[in-house]
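# Understanding the architecture of this molecule
So the chains spell out like this:
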Amino acid sequence: MFNSLSDRLADSFKRLRSKGLLTEADVDATVSEIRRALLEADVALPVVRQFTKEVRQKAYGAARSKALNPGQQVVQIVHDELVAVLGGQTRELSYARRGPTVFMLAGLQGAGKTTLAGKLGKWLREEEGKRVLLAACDLQRPGAVTQLSIVAEKAGVDIHAPESGDGQGNPVEVARSGLNRAITEGYDVIIVDTAGRLGIDEEMMRQARDIRDAVNPNEILFVLDAMVGQDAVQTSIAFRDGVGFTGVVLSKLDGDARGGAALSVRGVTGQPILFASTGENLGDFERFHAERMAGRILDMGDMLTLIEQAQKAYDQKEAEALARKMQKGQFTLADFMAQLQQLRKMGSMKKLMKMLPGMNQFRDQLDAFDEKSIDRIEAIVNSMTPAERDDLSLLNGSRRARIARGSGTSVSEVNGLVERFTQAAKMMKRMSNGGGLPGMPAIPGMPGGRGGATKNQRKAGKKNRRKCGNPAKQKHGEAQQTVKDEPAAPTAGSAFGLGASQPASPAPTLDDLPDDLKRMLGQR
């Protein structure tokens, strides 16, 4: 979503990195480019003005300090201001001290409230260990109750839906009876899904206020479509004044819109962004961290989120056992499949790669990456027998043809997978033994290293050690090497031979050789 904004900001910072010192003229030019980038991203004008004002003032201070690396200074200033615009410190959810906690969802129709109710319920169940009940209070939209029932089943939570919907029933009574059920049956959280409209109207606001007064929610979450652009400002202000809300949930954050809503809503409403929906699956839901989002916008990556997802997907004991196998060179295709399946639990490969720092420069390659290629790899490996996965040397021509037919691929694809896996296994064994990556000099002192010498340097060393066929030249070379290798004698009164300098005896030269040898060497 923030691709265009990221590119524009990166271009602005490139010009600063070529500067030796930062001047106020450089600051003005950069801030002007940042202002245009934010406006093109549909960020609200009041937010843009405040943002550029803060960046300019702090960058002026950096320019007056005459510090080195001005580009990095401005990047840090912009990063800090982005964090402030997005909400700063992450706020914790407000839970009830006694009885069930009530979360009420509000927003326009089409913002994704019903699906988000299931995502929030799943997150509360898995991450917070809560017992969750969904209350179907959207009785206006056709099929809304049925949709919520399906979502609740997939999320593994219960649903309260006494009315079939489709314009029938009283949503306020459904909310009230749902709360009574949550109290009676001991639920920890009840999520109230309310109706939306295609636009702001008084009827919708009145119904939302009546539900709010009936259940007295601990959190009112305003669900905002991150793709609506400038209209997000007017919508959020209308809900803030008409119903009131305590936090914002951004939906459709994986879209290709400009993303101005995410940067505007906090500054306009004063309420924090609590969650972000990043995909269609129920698991594509995460807490919103302003600092991490600012890092993604500035192409600094989001390693903390990546690590958190890895900790959920990977088993520590299995990882340690795999590391031992790699070190012994026993890594097989069966182990590779287990790792691939755990990696897929973390989510889309494209999303995971985009969390790494500096990946914006590879955006075209990431967009062209086919997620189905992983399915083809799994099909090839699953078409092998257990013995073949453990020992690839068994794969002769007929076996490879059988695997290709069984996986619906070609023999060339099977050969390519086997070749790449063999190379990767060798590389992992070498790295686990301290050998380093092929084509890169090893670190001196590391096991398996070569002291940092390159291939050409090693060849040159071997060439220089060749013996000359001329006996006179060979004798002269040996004499010079002996002088070089002989350690200097420590001088009196010095520590480790480092004392007063003594006149050293000159090394033998060609002039010191006998005349007959000089004639043989062509010196006379």
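Heads up: these notes are all about the structure in this document. If you're wondering where the values come from, they're calculated on a predicted model, not measured in any experiment. For every chain, the first residue of the written sequence is number 1, and numbering continues from 1 onward in sequence order. Restriction of local features to residues with pLDDT of at least 70 applies here, the model being predicted, together with a cutoff of 80 or more for giving and counting side-chain atom pairs; totals for whole chains, interfaces and linings are based on all residues. Side-chain metrics in this entry use all non-hydrogen atoms of the structure; hydrogen atoms and water are not considered.

## Describing the overall build of the protein
In this description a helix means any DSSP run of H or I spanning at least four residues, a strand means any run of E spanning at least two, and both kinds are numbered starting from the N terminus. Each helix and strand in the protein was counted, giving 23 helices and eight strands. Burial status across the protein gives 40% buried among its 524 residues. Areas reported as accessible are Shrake-Rupley estimates using a 1.4 Å probe. Residue values count occlusion only from the protein chains shown. Within the structure as shown, the protein displays about 28,500 Å² of accessible surface, and the carbon and sulfur contribution to it stands at 51%. We call a residue buried when its accessible area falls under 20% of the maximum for its residue type, exposed when it is over 50%, and partly exposed in between, using a 1.4 Å probe and counting protein chains only.

## Here's the deal with the pattern of salt bridges
Salt bridge, as applied in this entry: a Lys or Arg side-chain nitrogen positioned within 4 Å of an Asp or Glu carboxyl oxygen. A full pass over the atoms with the stated rule returns 16 salt bridges. One salt bridge connects Arg 125 with Glu 126, and the closest N-O pair in it is separated by 3.4 Å. A residue is classified by how much of its surface remains accessible, and Arg 125, at 32% relative accessible area, is partly exposed. What makes Glu 126 partly exposed here is its relative accessible area of 45%. One salt bridge connects Glu 388 with Arg 402, and the closest N-O pair in it is separated by 2.8 Å. Here the residue Glu 388 occupies a position in helix α18 (residues 386-390), and Arg 402 occupies one in helix α19 (residues 397-407), the gap between them amounting to 14 residues.

## Concerning the pairing of strand β2 (residues 132-136)
Among the five residues in β2, five count as buried, and that is most of the element. Side-chain alternation along β2 places Val 132, Leu 134 and Ala 136 on one buried face and Leu 133 and Ala 135 on a second face that is also buried. Pairing of β2 with strand β4 (residues 189-193) involves five bridges; the strand directions are parallel. The partner of Leu 134 across the bridge, within β4, is Ile 191. Strands are treated as partners if at least two bridges between them are detected by DSSP. As paired strands, β2 and strand β3 (residues 158-160) are joined by three bridges and run parallel to one another. Bridge pairing links Leu 133 to Asp 158 in β3. Running through helix α6 (residues 144-155), the crossover from β2 to the neighbouring parallel element β3 is right-handed. Place the viewer so that the strands point away; then a crossover is right-handed whenever the path from the first strand over the helix to the second strand goes clockwise.

Interpretation in functional terms is not warranted from these geometric data alone.
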